[in-house]
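Understanding the architecture of this molecule
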Amino acid sequence: KITALRGFEQDGSMRHIAILTGNGGLFLDFEMERGADGANTGYAFPEMLVDVVRMSAAGERDAAHDLFDAHLPYLRYEQQQGPLGLAVRKYVFQKRGIFASDAQRKPAASLSAQAKAEVDYLLSRIARVDPRARMVR
């Protein structure tokens, strides 16, 4: 769809419009290459999304994909439907010192110890490439 819209703009059959993608950012790397202007989505590391957009605009394709690929397993984990995905994001925001608590309103439950361990593992893998994922809390 992005490619088609940009094609309509190029042939003059449509005025230019800004395209912000959603999909939880799951395809941002390739959406940028198709002509998107950025993403309108949530993620526990919004600065990574900004960096991918910036690198893509600067023609730094490999760097953009490398950074995105490092985050993709966690990004996918965070995009689970319902209150679980939000609980994951709040947990990471708490670990980053952005939120004081990872609590959610009832009836949503908090993450299990196993889920927290999985998130911590995914963060440790991101941190190999992106030091912003090194958690101090």
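All residue numbers refer to positions counted from 1 along the written sequence of the respective chain. For this predicted model, a pLDDT threshold of at least 70 governs which residues receive local features, and a threshold of 80 or more governs which side-chain atom pairs are given and counted, while totals over whole chains, interfaces and linings are taken from all residues. Side-chain metrics rest on all non-hydrogen atoms present in the structure, leaving aside hydrogens and water.

**Here's the deal with the pattern of salt bridges**
Should a side-chain nitrogen of Lys or Arg be within 4 Å of a carboxyl oxygen of Asp or Glu, the pair is scored as a salt bridge. One pass over the structure, following the stated rule, counts 10 salt bridges. For Asp37, the salt bridge is made with Arg6, and the minimal N-O distance between the two is 2.8 Å. With a gap of 31 residues between them, Asp37 in the loop between α2 (28-34) and β2 (38-39) and Arg6 in helix α1 (residues 2-10) connect regions that are remote in the sequence. For every residue, the accessible area (1.4 Å probe, protein chains only) is compared with the maximum for its type, and the residue is labelled buried under 20%, exposed over 50%, or partly exposed between those bounds. Residue Arg6 is classed as buried on the basis of its relative accessible area, which comes to 11%. Among the salt bridges present, the one from Arg89 reaches Glu78, with a minimum N-O distance of 2.7 Å. A residue pair is termed long-range when its members are at least 10 positions apart, and Arg89 in helix α5 (residues 83-95) and Glu78 in helix α4 (residues 61-78) qualify at 11 residues. Strands are runs of DSSP state E lasting at least 2 residues, helices are runs of H or I lasting at least 4, and numbering of each runs from the N terminus.

**Structural notes on helix α6 (residues 113-127)**
The end-to-end C-alpha distance of α6 is 21 Å, a good match for the 21 Å that 15 residues give at a rise of 1.5 Å each. Listing the buried residues of α6 in full gives Ala115, Val119, Leu122, Leu123, Ile126 and Ala127. When α6 is viewed along its axis, its buried side chains cluster within an angular range of 140° and face the same direction. Looking at α6, the residues exposed on the side facing more than 90 degrees away from the buried face are Ala113 and Gln114. Multiply 1.5 Å by the residue count of a helix minus one, and that product is the helix's expected span. Regarding the arc, it is the one traced by the directions from the helix axis to the C-beta atoms.

**Points about the packing of α4 against α6**
Helix axes use the C-alpha atoms of the stretch in contact, all axes being lines fitted to C-alpha atoms, and the angles between their N-to-C directions lie in the range 0 to 180 degrees. For the pair α4 and α6, the least separation of the axes is 8 Å and the interaxial angle reads 160°. With respect to α6, the element α4 is oriented roughly antiparallel. Crossing hand, α4 versus α6: left-handed. Facing Ala70, His71, Pro73, Tyr74 and Tyr77 of α4, the residues of α6 in contact are Ala115, Glu118, Val119, Leu122 and Ile126. Amino acids are sorted into nonpolar (Ala, Val, Leu, Ile, Met, Phe, Trp, Tyr, Cys and Pro), charged (Asp, Glu, Lys and Arg) and polar (every other residue, Gly among them). Taken together, the residues of the contact of α4 with α6 break down into 8 nonpolar, 1 polar and 1 charged. Each angle gets one of four labels, with under 35 degrees taken as roughly parallel, over 145 as roughly antiparallel, 65 to 115 as roughly perpendicular, and the rest as oblique. The hand of a helix crossing depends on one turn: near helix anticlockwise from the far one by less than a right angle means left-handed, and clockwise means right-handed. In this description, contact between two residues means that some pair of their heavy atoms is separated by no more than 4.5 Å.

**Re unusual backbone geometry**
Residue Pro107 is reached from Lys106 by a cis peptide bond, and omega for that bond is 15°. Structurally, Pro107 is set in the loop between α5 and α6. Look at Asn23: it is not a glycine, yet its phi comes out positive at around 55°. Within the element layout of this structure, Asn23 appears in the loop between β1 (20-21) and α2.

**Some words on the nonpolar core**
General note: in soluble globular proteins, nonpolar side chains tend to be found buried as a group. Ranked by internal contacts, the top residues of the largest apolar core, which has 32 residues, are Tyr43, Phe45, Met48, Tyr74, Val92 and Val119. Taken together, the elements giving at least two residues each to this core come down to α2, α3 (46-57), α4, α5 and α6. Apart from residues lying up to four places away in sequence, Met48 is in contact with Tyr43, Leu67, Phe68, His71 and Arg132. Buried Ala, Val, Leu, Ile, Met, Phe, Trp, Tyr and Cys residues form a nonpolar core when they are joined through side-chain atoms within 4.5 Å.

**A look at the confidence of the model for the protein**
Here pLDDT means the predictor's own confidence in every residue, given as a number from 0 to 100. Per-residue confidence for the protein gives a mean pLDDT of 93, with 99% of residues at or over 70. Across the protein, the element-wise mean pLDDT spans from 92 in α5 up to 97 in α4.

**Overview of α1**
Within the span of α1, buried status applies to Ile2, Arg6 and Glu9. In a view along the axis of α1, the buried residues occupy a sector of 50°, so they form one face of it. Contact partners of the buried residues in α1: β1 and α2.

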